[in-house]
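Chain and residue survey
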Amino acid sequence: MRDPRRVAVLISGRGSNMRALVEKADGYEIVLVASNKPDAEGLVWAEQRGLHTWSLESKGQPKEAFDRQISAIIEAHDVGTIALAGFMRILSRWFVAEWRERILNIHPSLLPKYPGLDTHARALEAKDAVAGCSVHVVTDELDAGQLLGQAEVPVLPGDTSQSLEQRVLAAEHQLYARVLSEFVNR
Ligand code: GRF
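Everything numeric here is computed off the predicted structure, so don't read it as measured data. (Residues numbered from 1 in each chain as written. Predicted model: local features only at pLDDT ≥ 70, side-chain atom pairs only at ≥ 80, totals over all residues. Heavy atoms only, no water.)

Topic: the site of the ligand
What counts, and what does not: To be near a molecule or strand, a residue needs just one of its heavy atoms within 4 Å of it. Side-chain atoms alone can form a polar contact between residues adjacent in sequence; in general such a contact is a pair of N or O atoms within 3.5 Å, and within protein one must be able to donate a hydrogen while the other accepts it. Only the protein chains shown count as cover for residues, and all accessible areas are computed by the Shrake-Rupley method using a 1.4 Å probe. Put plainly, a pocket is an open set of points on a 1 Å grid over the protein atoms alone with protein on both sides within 12 Å along at least five of seven lines, a cavity is a set where a 1.4 Å probe fits but cannot get out, and a lining residue has an atom within 4 Å of a point. Placement in a cavity or pocket follows one criterion, namely that more than half of the molecule's atoms lie within 2 Å of its grid points.
Taken together, Arg14, Gly15, Ser16, Asn17, Gly86, Ile106, His107, Pro108, Leu169 and Glu172 make up the full set of residues adjacent to the ligand. Within the contact set of the ligand, an oxygen atom lies 2.5 Å away from a side-chain nitrogen or oxygen of Arg14. Residue Asn17 places a main-chain N or O atom 2.9 Å away from an oxygen atom belonging to the ligand. For the ligand, whose unbound accessible area comes to 360 Å², protein coverage reaches 86%. With respect to the pocket detection grid, the ligand is positioned in the largest pocket.

Brief notes about the sheet that holds strand S2 (residues 29-35)
Rules: Here, any two strands with at least 2 DSSP bridges between them count as paired. Secondary structure counts use DSSP, requiring at least four H or I residues in a row for a helix and at least two E residues in a row for a strand, with both numbered from the N terminus. Where helices are involved, their axes are fitted lines through C-alpha atoms of the stretch in contact, as for all axes, and angles between N-to-C directions lie from 0 to 180°.
In space, the 7 strands of this open sheet follow the order S3-S2-S1-S4-S5-S6-S7, with mixed pairing throughout. The sheet is open, and its two edges are formed by strand S3 (53-55) and strand S7 (147-154), each paired on a single side. Pairs of neighbouring strands in the sheet enclose a mean axial angle of 20°, with direction left out of account. Pairing between strand S5 (residues 103-107) and strand S6 (residues 130-137): 4 bridges, direction antiparallel.

What to know about the environment of Gly86
Rules: For every residue, the accessible area obtained with a 1.4 Å probe (protein chains only) is divided by the maximum for its type, and the residue is called buried under 20%, exposed over 50%, and partly exposed between those limits. We call two residues contacting when some pair of their heavy atoms lies within 4.5 Å.
Residue placement: Gly86 occurs in the loop between strand S4 (81-84) and helix H4 (93-98). Classification of Gly86 by relative accessible area gives partly exposed; the value is 36%. In this structure the C-alpha to C-alpha distance between Gly86 and Ile106, which are 20 residues apart in sequence, comes to 7.7 Å. Sequence-distant contacts of Gly86, defined by excluding residues within four places in its chain, comprise Ile11, Ser12 and Gly13.

Focus: the nonpolar core
Grouped burial of nonpolar side chains is what soluble globular proteins tend to show. Formally: Take the buried Ala, Val, Leu, Ile, Met, Phe, Trp, Tyr and Cys residues and link them wherever side-chain atoms come within 4.5 Å; each set so joined is a nonpolar core.
Ranked by size, the top nonpolar core spans 36 residues in total, and within it Val9 and Leu21 carry the most contacts. Of all the secondary-structure elements, those providing two or more residues to this core are strand S1 (6-11), helix H1 (16-23), S2, helix H2 (41-48), S5, S6, S7 and helix H6 (161-184). In contact with Val9, not counting residues within four places along its chain, are Met18, Leu21, Ile30, Leu32, Val33, Ala34, Ala83 and Ala85. If you look at the next biggest cluster of nonpolar residues, it comprises 20 residues, including Ile70, Val79, Trp94 and Val96.

Don't take any of this as a statement about function, it's just geometry.
See below:
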């Protein structure tokens, strides 16, 4: 049984949640930052920080073949828990089964509201008074696994998707580190 406090973070882009997880690490250690996009902005920061990084372009590769490669790298780093942080790729059933109950994701809505993309635009369109973010366990069903924690933020008059995204993102950075720490030390 691997130590759940050894965490791999999977990113595809900016990586602001990954940075928050690294900077707020308490009760866990980020031992690998991996990406399916070699040009992901977050990788540069992780490398400068001296973290182990790995990337491979996933486009054009059969889904499970890619997932088997990333899984082997994760295993080689003796990882116990995987934190998805803006990983814009749906994982194969094989990968989810292999890492069952050990993959977490952060999603920018108050699930079960607004699974999938464009969450902020959808919250504004629905005239919601409150928006937020959720951390959940990853299962085969998109954004539908067990909820581990949520944070609410107000929707303010005049909000655009961009302004709401910024407010929710700040809440994501606080929530994810706290929930991950609780999850791996439970
Ligand atoms: C975040 O809003 C996260 O909730 C969603 O994708 C975005 C990633 O942003 N899954 P970042 O790469 O962590 O900055």
